[in-house]
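# Examination of the molecular architecture
Read off the chains here:
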Amino acid sequence: MPQSQATCGWQGGWFETAARRYTRAVEGNIRSDCHLIMATTKGGAIRHEFRTDSGLRYSGRDRVGTVSFLPAGCERRLSLEHVAWEWGAIAVHPGSVAADIMSIAPFIEPSDPFLYGLIAQMKNLLSVDGALDATYCSVMTIALAEYLLRRSGRPVRAKGIRQLSARQLRMTMERIDHLLPQPVQIADLATPLGISEGHFYRAFRGAAGRTPVQAISERRVERAASLLAQTDCSVNRIALEVGLASPSHLARLFRTILGTTPSEYRREFRAVAVPARNDQDEAIRSG
């Protein structure tokens, strides 16, 4: 068993990261109802041997950057020698987004920048914020499924309209505003329109000129800025009010979108607002 472990889930799957101190030998089986994408993020093993019930065999070193894919229901029987590592894994539920990747064969690669980069980024965000944003995760699940299909040489289906209509876009933005205080899944926005999540993502970007994640982040910052200006609520409380799990996530969005922090924004707003109010009071007295 790993010595430390952290997990965060969303509607379409979950992410897990764990660490193991030096162990001379490890043996075990991996089998899941979800598709698993795994990566070594630190350390590794002098020797890693495994075989899957689909016939894939591997024997070699395991080092930082090694990534592998195990489809749902496929079992991997493994043994490791002289292992000390940290790893991360993305689990994707076999549903509408990931249905097409069910038939992709298991694989292991010493390097895959996209898969490793995604797992490393999720690991870092979970460490900093203590949670993962559901919108980000659901969008990355779509990107992950499409990447795996392209990697296997299979075509990615892109049927239907190229972009949302003006009415669909307006309905979507209204729904985003309604759902803002809670985690927003792409399915929450796609289902009312009767289209798939992958189709929605592409059609929204075509109509809005930005991704759903960017649009939701902008709405969250707008509402947070209003609360900072009009209330004395703490930054922690405001982060929760706009559907974010931590103030660090809110601060990151503020820096990206407004180029400042929530506390600096509140300070600057009040520095401007107080003299303006004093000027109004003086005008009233003079009149």
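As a reminder, the structure under discussion sits directly above these lines.
Please read all numbers here as calculations on a predicted model, not as lab measurements. (Residues numbered from 1 in each chain as written. Predicted model: local features only at pLDDT ≥ 70, side-chain atom pairs only at ≥ 80, totals over all residues. Heavy atoms only, no water.)

### Regarding the overall build of the protein
Each helix and strand counted, the protein has nine helices and seven strands in total. When each of the 287 residues of the protein is scored for burial, the buried share is 45%. Long-range contacts, defined here as pairs at least 24 residues apart, represent 72% of the contacts in the protein between residues at least 6 apart. Accessible surface, the protein: about 14800 Å² in total, of which carbon and sulfur atoms supply 50%. (Helix = DSSP H or I, 4+ residues; strand = E, 2+ residues; numbered from the N terminus. Buried < 20%, exposed > 50% of the residue type's maximum accessible area, 1.4 Å probe, protein only. Contact = heavy atoms within 4.5 Å. Areas by Shrake-Rupley, 256 points an atom, 1.4 Å probe, with all protein chains shown as cover.)

### Some remarks on helix H5 (residues 197-208)
Taking 1.5 Å of rise per residue, 12 residues should cover 16 Å, and H5 covers 16 Å from first to last C-alpha, within 8% of that figure. Considering only its buried residues, H5 is in contact with helix H2 (134-151), helix H3 (166-179), helix H4 (186-190) and helix H6 (212-230). Directly beyond the C-terminal end of H5, a positive phi value near 75° is found at Gly 209. (Expected span 1.5 Å × (residues − 1).)

### Points about the packing of helix H1 (residues 113-129) against helix H8 (residues 247-257)
Running from amino to carboxyl end, H1 crosses H8 at an angle of 115°, the nearest separation of the two axes being 8 Å. Side by side, H1 and H8 meet where Leu 125, Val 128 and Asp 129 of the first sit next to Ser 248, His 249 and Arg 252 of the second. Residues that form the contact of H1 with H8 fall into these classes: two nonpolar, two polar and two charged. (Axes fitted to C-alpha atoms, helices over the stretch in contact; angles between N-to-C directions. Nonpolar A, V, L, I, M, F, W, Y, C, P; charged D, E, K, R; others polar.)

### With respect to the pairing of strand E6 (residues 76-92)
When strand E2 (residues 13-30) meets E6, the two strands line up antiparallel, connected through 15 bridges. Following the sheet pairing, Ala 19 is matched in E6 by Glu 86. (Pairing = 2+ DSSP bridges.)

### Digging into the side chain of Ser 68
The residue Ser 68 is located in strand E5 (residues 67-70) in this model. Polar contacts involving the side chain of Ser 68 include one to the side chain of Arg 76, which spans 3.1 Å. Apart from residues lying up to four places away in sequence, Ser 68 is in contact with Leu 36, Ile 37, Met 38, Arg 76, Phe 107 and Ile 108. (Polar contact = N/O pair within 3.5 Å; in protein donor to acceptor, adjacent residues only side chain to side chain.)

### Some points on H1
Taking 1.5 Å of rise per residue, the 17 residues of H1 would be expected to cover 24 Å, and the 24 Å separating its terminal C-alpha atoms lies within 8% of that figure. Residues of H1 that are buried: Leu 115, Leu 118, Ile 119, Met 122, Leu 125, Leu 126 and Asp 129. Axial view of H1: buried residues confined to an arc of 130°, hence all on one face. The outward face of H1, more than 90 degrees from its buried face, is lined by the exposed residues Pro 113 and Ser 127. Positive backbone phi, approximately 80°, marks Gly 130, located one or two places after H1. (Arc of directions from axis to C-beta.)

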